[in-house]
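Topology and contacts: notes
The chain contents come next:
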There are 2 protein chains.
Amino acid sequence: MVRSLFKAKYIVTCNGRFDIIRDGAVVAEDGKIAYVGKEVGLGECQRHFDLVVDEGCGIMIPGLVNCHTHAAMSLYKGVSDDVPLKEWLEEAIWPLESRVDSTSLLYGNYVAMMEMLSSGTTTFADFYFFDELIKALKVIPMRSIATLALMDRVPDGEVYWSRLKKIGAYVDAVGSVKDGLVGLALGPHAIYSCSEALLLEVAKLSSGLHLPIHIHLSETKEERELSMKEHGVSPVKYLDSLGFLSERVFAAHCVHVDDEDVGILLDRGVSCVHNPSSNLKLGSGIMPLRGILRRGVNVCLGTDGSASSNSLNILAEMRLAVLLQRGISFDPTFPTAKDALLMATRNGARALGLGDRVGSIEVGKRADLVLFDGRSPRLLPEHDIVSNVVYSSQPADVAYTIVDGRILYDHGRFAGIDSGSVLDIFGERALKLLEG
Amino acid sequence: MVRSLFKAKYIVTCNGRFDIIRDGAVVAEDGKIAYVGKEVGLGECQRHFDLVVDEGCGIMIPGLVNCHTHAAMSLYKGVSDDVPLKEWLEEAIWPLESRVDSTSLLYGNYVAMMEMLSSGTTTFADFYFFDELIKALKVIPMRSIATLALMDRVPDGEVYWSRLKKIGAYVDAVGSVKDGLVGLALGPHAIYSCSEALLLEVAKLSSGLHLPIHIHLSETKEERELSMKEHGVSPVKYLDSLGFLSERVFAAHCVHVDDEDVGILLDRGVSCVHNPSSNLKLGSGIMPLRGILRRGVNVCLGTDGSASSNSLNILAEMRLAVLLQRGISFDPTFPTAKDALLMATRNGARALGLGDRVGSIEVGKRADLVLFDGRSPRLLPEHDIVSNVVYSSQPADVAYTIVDGRILYDHGRFAGIDSGSVLDIFGERALKLLEG
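These numbers come from a predicted model, not from an experiment. (Residues numbered from 1 in each chain as written. Chains lettered and ligands numbered in written order. Predicted model: local features only at pLDDT ≥ 70, side-chain atom pairs only at ≥ 80, totals over all residues.)

The next point concerns the overall build of chain A. The number of helices and strands found in chain A is 17 helices and 17 strands. Taken over C-alpha atoms, the radius of gyration comes to 21 Å for chain A, in line with the 22 Å a tight globule of 436 residues would show. Seen along its three principal axes, the alpha-carbon backbone of chain A occupies a region of about 65 × 50 × 45 Å. Residue burial in chain A is summarised as follows: out of 436 residues, 58% are buried. Across chain A, every contact between residues at least 6 apart in sequence was considered, and the portion connecting residues at least 24 apart equals 74%. (Helix = DSSP H or I, 4+ residues; strand = E, 2+ residues; numbered from the N terminus. Rg over C-alpha atoms; globule rule 2.2 N^0.38 Å. Buried ≥ 20, exposed ≤ 12 C-beta atoms within 10 Å, placed from the backbone. Contact = placed C-beta atoms within 7 Å.)

Structure, rendered in structure tokens:
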């Protein structure tokens, strides 16, 4: 058994009582949390560790959960920044995707994972090329939900139906990654790209195999208008009419939803993934987060892919989620820093069906941890530790990112990969891709 | 003479043609730029340097200009985060300010300057305690506009009038900082805190002594409503009716301005300082930046103080300025990354009356430079260098920050100060201050 000790001046547990432990310690045994509490509470006889991490004035939080990204799209970061979503997708991204090769995608995943680890993300839900994600996760053991992308209102739609027929192979593929770090989600892309038959089949499979569903929902005005035209109801109501919505669904964006939609999402137990940077940059609009949170819907956070938001820094999404709602409502009292931190941890874990494994620092959960260097101009003074993490911290302050008890990021260094040559290969391949 | 060479894979000059130079070099002679161009364009005979900075795959931009902050308020970061501006000011901040001591303010300035340097800021306009700022600037030689804060609609208003009577001493004080790095601005706090007589006196002094004016303007709905009640017109129109507005005025916030106000600001040559994080977090609202930029007003950026926005990272303000406007307008085509970079460089320099000295990388200007480590997961691939700087870069990517040809920040290290002990003293003093 590997026993590890992680020490911090402050541990923000994100447990049910939102305990913050001063001069705390976490002990992990084979990656599972066996002790959380004051360091002095550890008996002397228990003080034998294979690994000790002590970041002096450190601040520890649960590993952050990015509930919606397209990791390998890092390859296209900065391509076509200033155009509407439809044009961006059809004229810039799809042509690139039609010629992207497997090795480039693998390196796109590596670099995306480096960016996420360096900003405290330990778990991410990816929605892109499945095989290359699994390959990358075997090299960099982050926790992940790998989404099987599906759509059939496109020219080669039959390809995606054939995926559903061999669903067992995909279940096996995620199972082949060690330590149960990776799970499978079904990913019907969106209502405008999927037929009713496909959506019904996905709902059936999800129920039978207990698989989460990852979907884009009500992202743009246009999507909502098209649904009204095609189905006579909003995208949320359309999905509900199919019996599609359940607590297994996590829906990215939910920008254009009305009160009735929110009521349905709440009743069905759907989780909403807020992606503020992406929604703003693409001109999609602003999710009515305050109303959704107040109703009690489970809201979590996502960065979306680097091709749309240009960044996989979930710390920035936490800050932006709060600031944005305050600005548009002229109300600086809600949401708070605590709301944002919970969205990025516990709520995210719950959305992905991982609520009993991660999302808080509690005995019995897996040791997914972030340690900030609290001795930074940004994280001092210590008036409010949660406020400092949410409003002030930057990737530069992340000292360690730990997944399942393993240190994957340590002060700029990445475990298990030659990051310099990965970056070089990635940079060259991405440029070549654009040359065509 | 000290001759320095700064090399970069890309130099984003922010000159009038917005040239981007590949494999470029900047030569500075005693802090003044003597050469900007291809590295191969440097003749062999010129290759004798006292200092060579070569950040391999570096990206160089002009030093960033933060046009509105209250540096030493870093002491109060995280205090009272979730209350309206008036309550925050009157119940949290003013009581703290009434007992703050000179040494704490000095350390507040040091730590704020560390945070700014680590995120690429070379010039800042400060609006807070004058004496302690000057002291701090003699230790950390950043470029700055030191504002003499003025208000007389407060209990001890006569104190501020006496400042104006000894204005010569303040001019001498900024002159005592070497190399002309620091300039003086007059700082009537806002129309609700200053009498008409004070505003008129400031306008007269500004005109006679050629001093810039730094003011808070139209920050909240309440300020606008009060002006309508007291003066029958908007804050902008009120100031214009006094003959107060000129090209020497840079006005922070300008959130609640209408088309007529914007026309006046344009006609008088006033610069507007956009502080998106602060305006959002305090629930003040969102500046109508698109309209203001399109009319041709000079708009620059500010972080405001850490007590309101919790961060002095101007990189985040660049990104947010663009994203926010796109989101509220449903238009992803404007503003662009280039607009944001110019706001944070050339426009900022112009606003502070430093347009002929800094704000772009051009021969004859002072060598205020930022060098990013381009070999970062965030700054690759190199599809669009300006997009990468504005949307993707983080303080973690800032390799060097150079002011007047001197390296003040170098990969986490700060020149001239013992940063570790500065942080310790700052952290302790800030906590004690809160204890009362």
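So, about the nonpolar core. Grouped burial of nonpolar side chains is what soluble globular proteins tend to show. Membership of the largest hydrophobic core comes to 296 residues, with the highest contact counts inside it found for Val26, Met60 and Leu341 of chain A together with Val26, Met60 and Leu341 of chain B. If sequence neighbours within four positions are ignored, leucine 341 of chain A has contacts with Cys14, Ile61, Met318, Val386, Val389 and Val390 of chain A. (Core = buried A, V, L, I, M, F, W, Y, C linked by C-beta atoms within 7 Å.)

The next subject is helix H13 (residues 314-329) of chain B. Side chains three or four residues apart in an α-helix point the same way, a direct result of the helix having 3.6 residues per turn. Taking 1.5 Å as the rise per residue, H13 of chain B with 16 residues should run 22 Å; its terminal C-alpha atoms sit 23 Å apart, in good agreement. Of the residues flanking the end of H13 of chain B, it is phenylalanine 330 of chain B, one or two places downstream, whose phi is positive at about 55°. (Expected span 1.5 Å × (residues − 1).)

The residue after phenylalanine 334 of chain B, namely proline 335 of chain B, is reached through a cis peptide bond having omega -5°. In this structure, proline 335 of chain B sits in the loop between H13 and helix H14 (337-343). The omega angle of the peptide bond from leucine 380 of chain B to proline 381 of chain B is -5°, so this bond is cis rather than trans. Relative to the elements of secondary structure, proline 381 of chain B occurs in the loop between strand E14 (369-372) and helix H16 (385-392). Phi at serine 218 of chain A is positive, roughly 50°, even though this residue is not glycine.

The next point concerns the environment of isoleucine 93 of chain A. All names here are of chain A. Residue position: isoleucine 93 is located in helix H1 (residues 85-99). When the 20 C-beta atoms within 10 Å are taken as the criterion, isoleucine 93 is described as buried. A sequence separation of 14 residues divides isoleucine 93 from valine 79, and the C-alpha atoms of the two residues are 8.3 Å apart. When residues no more than four places from it in sequence are discounted, the contact partners of isoleucine 93 are Tyr76, Trp88 and Ala307.

To continue, consider helix H17 (residues 419-435) of chain B. Residue and element names in this part refer to chain B. Between its first and last C-alpha atoms H17 spans 25 Å; for 17 residues at 1.5 Å apiece the expected length is 24 Å, and the two agree. Buried residues in H17 make contact with helix H1 (85-99) and helix H2 (102-118). Remark: glycine 436 follows H17 within two positions and exhibits a positive phi of approximately 95°.

Taken together, the contacts link 56 residues of chain A with 56 residues of chain B. Counting only elements with at least two residues in the side of chain A that touches chain B, the list comes to helix H2 (102-118), helix H10 (276-281), helix H13 (314-329), helix H16 (385-392) and helix H17 (419-435) of chain A. Of the residues forming the side of chain A that touches chain B, the biggest block, six residues, is contributed by H17 of chain A.

Residue and element names in this part refer to chain A. Assigned domains within chain A: domain 1 (3-62 + 358-414) and domain 2 (64-351). Distance from the C-alpha centre of domain 1 to the C-alpha centre of domain 2: 28 Å. Contributing elements (two or more residues each) for the side of domain 1 that touches domain 2: strand E5 (59-62), H16, strand E15 (398-403) and strand E16 (406-410). Residue composition of the side of domain 1 that touches domain 2, by class: 16 nonpolar, six polar and three charged. (Domains from an automatic or database assignment. Nonpolar A, V, L, I, M, F, W, Y, C, P; charged D, E, K, R; others polar.)

As a further point, take the environment of alanine 136 of chain A. Relative to the elements of secondary structure, alanine 136 of chain A occurs in helix H3 (residues 130-139). Ignoring sequence-local partners within four residues, the contact set of alanine 136 of chain A consists of Leu106, Asn109, Tyr110 and Met113 of chain A.

Scored by pLDDT, chain A has a mean of 96; 100% of the residues are at 70 or more. Listed scores for the predicted complex are pTM 0.97 and ipTM 0.97. (pLDDT = per-residue confidence, 0-100.)

Another point: the relation of the copies chain A and chain B. For the match of chain A to chain B, the screw axis carries a shift of 0.0 Å, the RMSD comes to 0.0 Å, and the turn is 180°. As the rotation angle and translation indicate, the two copies are arranged about a two-fold axis. Identified as the residue of chain A closest to the rotation axis by C-alpha distance is alanine 396 of chain A, at 2.2 Å. An overlap of 100% is found between the interface residues of chain A and their copies at the interface of chain B, pointing to a shared contact surface. (Least-squares fit on C-alpha atoms with pLDDT ≥ 70 in both.)

So, on to the packing of H2 of chain B against H17 of chain B. Residue and element names in this part refer to chain B. Taken N-terminus to C-terminus, the directions of H2 and H17 make an angle of 130°; their axes are 9 Å apart at the nearest point. Taken as axis vectors, H2 and H17 run oblique relative to one another. Regarding H2 and H17, the two cross each other, and that crossing is left-handed. On the side of H2, the interface is formed by Thr103, Ser104, Tyr107, Gly108, Tyr110, Val111 and Met114, while H17 contributes Ser419, Val422, Leu423, Ile425, Phe426, Arg429 and Leu433. By residue class, the composition of the contact of H2 with H17 is nine nonpolar, four polar and one charged. (Axes fitted to C-alpha atoms, helices over the stretch in contact; angles between N-to-C directions. Parallel < 35°, antiparallel > 145°, perpendicular 65-115°, else oblique. Left-handed = near helix turned anticlockwise from the far one by under 90°.)

Let us look at the packing of H2 of chain B against helix H3 (residues 130-139) of chain B. Residue and element names in this part refer to chain B. Close contact between H2 and H3 brings their axes to 9 Å; oriented N to C, the two are set at 50°. Relative to H3, H2 is oriented oblique. The interaxial crossing formed by H2 with H3 has right-handed handedness. Contact residues: H2 offers Ser102, Leu105, Leu106, Asn109, Tyr110 and Met113, while H3 offers Glu132, Leu133, Lys135 and Ala136.

Time to look at the pairing of strand E11 (residues 249-253) of chain A. When a strand is regular, its side chains alternate between the sheet's two faces. Residue and element names in this part refer to chain A. In terms of burial, E11 is a largely internal element, five of the five residues being buried. Sheet analysis places strand E10 (residues 213-217) next to E11, joined by five bridges and oriented parallel. What sits directly across from leucine 217, in E11, is histidine 253. Here E11 runs beside strand E12 (residues 271-274); their pairing, made up of three bridges, is parallel. In the strand pairing of E12, alanine 251 is matched with cysteine 272. A crossover links E11 with its parallel partner E12, the connecting element being helix H9 (residues 259-268), and its sense is right-handed. (Pairing = 2+ DSSP bridges. Right-handed = clockwise from strand over helix to strand, strands pointing away.)

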